[in-house]
Amino acid sequence: MQDRRRWSVRKLVPKVIQWLAPAECLLCRETHNDRGFLCADCQRTLPRNEHACQRCATPMSHSKLHIPGAPRRSRCPACHVRPTNCERILAPFLMQGTFRELLHLWKFQNHPQLSTLMACLFATNTAVQAQPQHRQQNLNEHRILVPIPTQWHRQLRRGFDHTWLLAHALRPVLGRETRVRPWLRNTRLRRAQHRSNRADRWENHSDRFIAAAGTEGQHITLVDDVITTGATVGAAAAACKAAGATSVEVWALARTPATAHAG
Ligand SMILES: [Zn+2]
Ligand SMILES: [Zn+2]
């Protein structure tokens, strides 16, 4: 009886606090009584990468030509002809609109506490690209998370390493056995990639990373924030495979729509 009363008090207190001091949504600035950083409306309308290649997560914009009733293509034309270094890329959001705003708040406006929100958004939205019946298995079968390393001068400027925090924020979602390992190292200093053009990025990708010996024989999951051309994660996956990784999967929050690649 006493236990039951304690439980109901424990549930009631946060509800009363929410009612007395409603939270402000990070995106629309409206007050709301939902738990978390975003109101339910903003969370529901985040741009999702719903019609994406199931292998490389490239948004398939030609889906507007889809004939109702016909089966959707599961892979993009490039994945049919080109071998890739990783088994699969998951990227549940599109880097545009409100998701871009949210990512900029987290990454460039010094809000490391949003890493937990980012991890939860990834975990609750990856079903759009995984087979629903295998969703839990897909999220749990790879337990070594390797963040794509951020260069030290960018970490210094931002005040934190966003991919490292994101990987750690994913751990509680995936289970205790999940490990985060700093097994990738940048081999050279490069100018900020978000300012370089697409051609530069393809030129720069070779020998860009080196993977630690611990990678050998492991199922590696690379963690990144946004995939634009795929050159960075491709180079990181190649380094892991060269070091003997059994499989490499990539988890990113978002993928840039095809038309925005040059930016
Ligand atoms: Zn909102
Ligand atoms: Zn593809």
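Here the residue numbers are simple positions, counted from 1 along each chain's written sequence. Each chain is given a letter, starting from A, and each ligand a number, starting from 1, according to the order in which they appear as written. It should be noted that, the model being predicted, local features are given only for residues of pLDDT at least 70 and side-chain atom pairs only at 80 or more, the latter also being counted only at that level, while totals for whole chains, interfaces and linings use all residues. Hydrogens and water molecules were not included; the side-chain quantities draw on all heavy atoms of the structure.

Caption draft 1: Focus on the coordination of the zinc ion (ligand 1). Binding of the zinc ion (ligand 1) to the protein goes through Cys-25 (SG), Cys-28 (SG), Cys-39 (SG) and Cys-42 (SG), at separations of 2.3 Å. Any nitrogen, oxygen or sulfur atom within 2.8 Å of a metal ion counts as a donor, with the limit raised to 3.2 Å for Na, K and Ca, and since water is left out, coordination shells can look unfinished. Site shape is set this way: if four donors have all angles between 85 and 135 degrees, tetrahedral; if opposite donors are over 155 degrees apart and all others between 65 and 115, square planar for four donors and octahedral for six; otherwise irregular. Around the zinc ion (ligand 1), the four donor atoms are arranged such that angles at the metal cover 104 to 115°; this shape is classified as tetrahedral. Coordination of the zinc ion (ligand 1) draws on donor residues from a single chain, spaced C-x2-C-x10-C-x2-C in sequence. With Cys-25 in the loop between strand S1 (23–24) and strand S2 (31–32) and Cys-42 in helix H2 (residues 40–44), this pair connects stretches of sequence that are 17 residues apart. The burial state of Cys-25 is the same as that of Cys-42; both residues are buried. For the purposes of this entry, the term helix denotes a DSSP run of H or I that reaches at least four residues, the term strand denotes a run of E that reaches at least two, and both are numbered from the N terminus. Accessible area is worked out with a 1.4 Å probe on protein chains only. A residue is then buried under 20% of its type maximum, exposed over 50%, and partly exposed in between.

Caption draft 2: Region of interest: the coordination of the zinc ion (ligand 2). Surrounding the zinc ion (ligand 2) are the protein donor atoms Cys-53 (SG), Cys-56 (SG), Cys-76 (SG) and Cys-79 (SG), at 2.3 Å. Metal-centred angles of 105 to 115° between the four donor atoms at the zinc ion (ligand 2) mark the site as tetrahedral. For the zinc ion (ligand 2), the single-chain donor residues occur in sequence as C-x2-C-x19-C-x2-C. Here Cys-76 lies in the loop between H2 and helix H3 (77–81) and Cys-53 lies in the loop between H2 and H3, a separation of 23 residues in the sequence. In terms of burial, Cys-53 and Cys-76 fall into one category: buried.

Caption draft 3: Local environment of the packing of helix H4 (residues 97–108) against helix H5 (residues 115–125). Close contact between H4 and H5 brings their axes to 10 Å; oriented N to C, the two are set at 145°. Two secondary-structure elements touch here, H4 through Phe-99, Leu-102, Leu-103 and Trp-106 and H5 through Ser-115, Leu-117, Met-118 and Leu-121. Throughout, the ten residues Ala, Val, Leu, Ile, Met, Phe, Trp, Tyr, Cys and Pro are labelled nonpolar, Asp, Glu, Lys and Arg are labelled charged, and all others, Gly among them, are labelled polar. Across the contact of H4 with H5, the residue classes tally to seven nonpolar, one polar and no charged. Note on geometry: axes are C-alpha line fits, over the in-contact stretch for helices, and angles between N-to-C directions span 0 to 180 degrees. The criterion used for residue contact is that any of the two residues' heavy atoms lie within 4.5 Å.

Caption draft 4: How the structure looks around helix H8 (residues 162–174). One less than the number of residues in a helix, times 1.5 Å, gives the span that helix is expected to have. Taking 1.5 Å per residue as the helical rise, H8 with its 13 residues ought to reach 18 Å, and the 18 Å between its terminal C-alpha atoms agrees with that figure. For H8, the full list of buried residues reads His-162, Thr-163, Leu-166, Ala-167, Ala-169, Leu-170 and Leu-174. The buried residues of H8 occupy an angular sector of 165° when projected down its axis, which confines them to one face. Phi turns positive one or two residues past the end of H8, at Gly-175, with a value near 115°. Picture the helix axis, draw a direction to every C-beta atom, and the arc is the one those directions span.

Caption draft 5: Seen up close, the side chain of Arg-88. Structurally, Arg-88 can be placed in strand S3 (residues 88–90). Any pair of nitrogen or oxygen atoms within 3.5 Å is treated as a polar contact; in protein, a donor-acceptor pairing is required on top of that, and neighbouring residues in sequence qualify only through side-chain atoms on both sides. Side chain to side chain, Arg-88 and Glu-249 meet in a polar contact 3.0 Å long.

Caption draft 6: Examining the pairing of strand S10 (residues 247–255) more closely. The buried fraction of S10 is high, at nine of nine residues. Bridge analysis of S3 against S10 gives three bridges, and the strand direction is parallel. Each bridged residue has a counterpart across the sheet, and for Leu-90 the counterpart in S10 is Trp-251. One bridge is not enough; two strands pair if DSSP finds at least two bridges between them. Of the pairings in the sheet, the one linking strand S4 (residues 93–94) to S10 comprises two bridges and is parallel in character. Of the residues in S10, the one forming a bridge with Leu-94 is Arg-255. When strand S9 (residues 219–227) meets S10, the two strands line up parallel, connected through eight bridges. In the strand pairing of S10, Thr-221 is matched with Glu-249. Seen with its strands pointing away from the viewer, a crossover is right-handed when the path leading from the first strand over the helix to the second is clockwise. Crossover S9 to S10 through helix H10 (residues 231–242) is right-handed.

Caption draft 7: Layout of the side chain of Thr-229. Counting through the fold element by element, Thr-229 comes out in the loop between S9 and H10. According to the relative accessible area criterion, Thr-229 is buried, its value standing at 11%.

Caption draft 8: Seen up close, the packing of H5 against H8. Running from amino to carboxyl end, H5 crosses H8 at an angle of 55°, the nearest separation of the two axes being 8 Å. For the element pair H5 / H8, the angle class is oblique. When the axes of H5 and H8 are compared, the crossing they make is right-handed. Touching Ser-115, Thr-116, Met-118, Ala-119, Phe-122 and Ala-123 of H5 are Leu-165, Leu-166, Ala-169, Leu-170 and Val-173, all from H8. Class assignment for the residues of the contact of H5 with H8 results in nine nonpolar, two polar and no charged. Note on angle classes: values under 35 degrees are labelled roughly parallel, values over 145 roughly antiparallel, values of 65 to 115 roughly perpendicular, and the remainder oblique. Rotating anticlockwise by less than a right angle from the far helix to the near helix defines a left-handed crossing, while the corresponding clockwise rotation defines a right-handed one.

Caption draft 9: Examining the environment of Lys-241 more closely. Here Lys-241 is to be found in helix H10. On the accessibility criterion, Lys-241 (29% relative accessible area) is partly exposed. Expressed as a C-alpha distance, the spacing of Lys-241 and Gly-217, which sit 24 residues apart in the sequence, is 9.5 Å. Residues contacting Lys-241, with those up to four places away along its chain left out, are Asn-85, Glu-87, Thr-246, Ser-247 and Val-248. From its side chain, Lys-241 meets the backbone oxygen of Asn-85 in a polar contact 3.1 Å long.

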